[in-house]
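# Examination of the molecular architecture
Given next are the chains, with one letter for each unit.
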Amino acid sequence: MPDAPGSLPAKPRRARRPPGPAPFRRPEEFTMSTNARPRPAAHRARRLALPATAALLLAGLAGAPARAQDAAQPAAENAAQNETFDRIVLSPTATPDTAATLTWRTPAASAAPVVEYQPADGGPTTTVAATPTGQVAGGHHHRADLTGLSPDTAYRYRLGDRAAFSDWITFRTAGAAGDPFTFLYFGDIQNDITTGAAPLVAAAQADVPHAELTVHAGDLINNANADAEWAEWFAAFGTQHTATHPQIATPGNHEYDGWELSDHWTRQFPGAGNGPDDEDLDGTVYYTDYQGVRFVSLNSNYTNAPWFDVVDWLEDQRVWLDRVLSGNPNRWTVVTLHQPVMANSEGRTGAVVREAFLDVLEEHDVDLVLQGHDHSYGRGNLLDRRTDDPAVTTGPAYVVSVAGPKMYEPTPADWTAAGAEARVQHGDTQTYQVVDVTADRLRYEARTGDGAVVDAFTVLRDADGKRVVED
């Protein structure tokens with residue numbers, strides 16, 4: 001995988017090692033706990049391959065993951081939608097001010113798929129050849145990369161094959177660092193998408209029509225390759241959203257079937273192409289810089305990594321994350337991952353994810369860590385990030401949220417085990433999150449479908465330093 005423009009130099013691609021048989025325990029079986037975490041400076045020399053991590057991994061990951069428990073949808077329900085061009089996604093690049101990636105699906109193969117685009121207020125039309133990326137569940141997927149764009153400029157594009165074209169669709173490139181914008185963040189959609197999650201999505205879109213991009217923290221669907229569920233997800237968000245707003249998507253464990261990432265994933269969410277040079281992580285780990293924010297997608301689904309590769313799989317991300325944050329020119333940093341650093345629900349632990357990423361997130365003072373997986377709402381911080389003011393903390397704010405109707409019971413147990421505190425927790429609460437970004441602050445609110453605000457805080461960076469202030 002070549003480096004994308006603006007990406008960090010890649011290390012040589014690591015060859016895959018052969019698997020071997022061994023039993024496997026699902027993540028729900030883990031009942032680990034850890035003592036309060038020492039301060040970050042004491043941990044910088046630690047590597048993921050140390051005995052503590054190896055013991056955690058070998059205790060529960062010495063085998064191949066179980067296959068998806070739920071049966072795939074009947075073939076009749078997996079038929080492609082009637083539209084000639086559907087499942088259109090605008091994906092972020094490393095430089096979303098000057099480039100964009102488009103993916104879409106057609107019911108039939110095309111010998112010469114293309115994209116035509118031009119400035120929305122008029123100008124010359126550019127034609128770009130698209131690349132067919134494969135057939136999945138009766139649909140033929142395509143990708144095209146738009147380059148040489150002007151910052152903060154509206155463009156319109158249409159998809160075609162030189163014979164038939166879609167309607168024109170408009171999007172805007174990113175502006176300059178410091179230009180204000182708003183983004184949405186959704187935890188797990190996953191189950192009962194049409195009846196249970198879609199109303200919340202519709203409420204979010206109606207409430208925040210000016211949002212410029214969307215972050216998805218994994219488990220968009222329940223069964224990795226169930227085409228009917230993907231159809232529901234795209235219907236819930238709508239082409240008017242996915243085709244016009246950059247979709248920063250990180251996969252969850254339900255986007256995997258055993259060790260295999262969904263056949264739909266990288267065809268629909270290819271990422272920015274600047275992640276670690278590890279084939280098991282292609283299309284799932286990347287970063288994009290949008291108007292002064294470095295958004296980073298991590299893949300914390302270590303339970304779906306090949307058992308023989310888990311340590312390297314996490315270590316590759318840890319080393320890459322440290323490089324990406326060390327070279328970050330942006331004022332703000334937002335990291336999204338699925339399985340959280342501090343688990344928020346009963347019977348779950350973030351011990352392995354903490355061992356991999358916590359010290360890096362803390363050392364680089366990441367602003368927001370946006371997560372899913374636990375089907376409850378929680379937000380907190382490390383205890384040593386408290387200040388004399390009970391409403392003010394420093395360091396990263398760690399959030400777990402859920403957008404779909406599947407719910408688990410929240411508990412502070414794993415936060416406590418990590419030397420952290422859960423400052424806000426809610427059960428049986430579907431939320432979407434709204435984050436307003438300006439040059440000197442991030443304003444965060446978690447809202448329910450009826451508009452109630454269930455959590456709110458502001459991250460400030462000014463002459464007094466960086467701090468998180470609760471309402």
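Residues numbered from 1 in each chain as written. Predicted model: local features only at pLDDT ≥ 70, side-chain atom pairs only at ≥ 80, totals over all residues. Heavy atoms only, no water.

## So, the confidence of the model for the protein
Any residue range with low pLDDT should be treated as having predicted coordinates unsuitable for detailed reading. Scored by pLDDT, the protein has a mean of 86; 82% of the residues are at 70 or more. Least confident of the elements in the protein is helix α1 (residues 51-60), whose mean pLDDT is 45; most confident is strand β17 (residues 368-371), at 99. With pLDDT under 50 throughout, residues 1-82 is counted as low confidence; its partners more than four residues away or in other chains account for 158 contacts. (pLDDT = per-residue confidence, 0-100. Helix = DSSP H or I, 4+ residues; strand = E, 2+ residues; numbered from the N terminus. Contact = heavy atoms within 4.5 Å.)

## Details of the packing of helix α6 (residues 310-326) against helix α7 (residues 351-363)
Put simply, α6 and α7 touch, their axes get as near as 9 Å, and they point 15° apart. Overall, the two elements α6 and α7 adopt an arrangement that is roughly parallel. Considering the relative orientation of α6 and α7, their crossing is right-handed. Where α6 approaches α7, its residues Leu314, Gln317, Arg318, Leu321, Asp322 and Leu325 are matched on the opposing element by Val352, Glu355, Ala356, Phe357, Asp359, Val360 and Leu361. Considering only residue class, the contact of α6 with α7 consists of 8 nonpolar, 1 polar and 4 charged. (Axes fitted to C-alpha atoms, helices over the stretch in contact; angles between N-to-C directions. Parallel < 35°, antiparallel > 145°, perpendicular 65-115°, else oblique. Left-handed = near helix turned anticlockwise from the far one by under 90°. Nonpolar A, V, L, I, M, F, W, Y, C, P; charged D, E, K, R; others polar.)

## Quick word on the packing of helix α2 (residues 193-207) against helix α3 (residues 227-237)
Contact geometry for α2 and α3: axes closest at 8 Å, N-to-C directions at 25°. By the criterion of interaxial angle, the relationship of α2 to α3 is roughly parallel. For the element pair α2 and α3, the recorded crossing hand is right-handed. Residues Ile193, Thr194, Ala198, Val201 and Gln205 of α2 touch α3, and the partners they reach there are Glu229, Glu232, Trp233, Ala236 and Phe237.

## What to know about the pairing of strand β20 (residues 397-400)
A two-sided burial pattern is seen for β20, the buried positions comprising Ala397 and Val399 on one face and Tyr398 and Val400 on the other. Pairing geometry for β17 and β20, over 4 bridges, is parallel. Among the inter-strand pairings, valine 369 is bridged to a residue of β20, identified as tyrosine 398. The pairing of strand β18 (residues 377-382) with β20 spans 3 bridges and is classified as antiparallel. Across the sheet, the residue bridging to arginine 379 is valine 399, located in β20. (Buried < 20%, exposed > 50% of the residue type's maximum accessible area, 1.4 Å probe, protein only. Pairing = 2+ DSSP bridges.)

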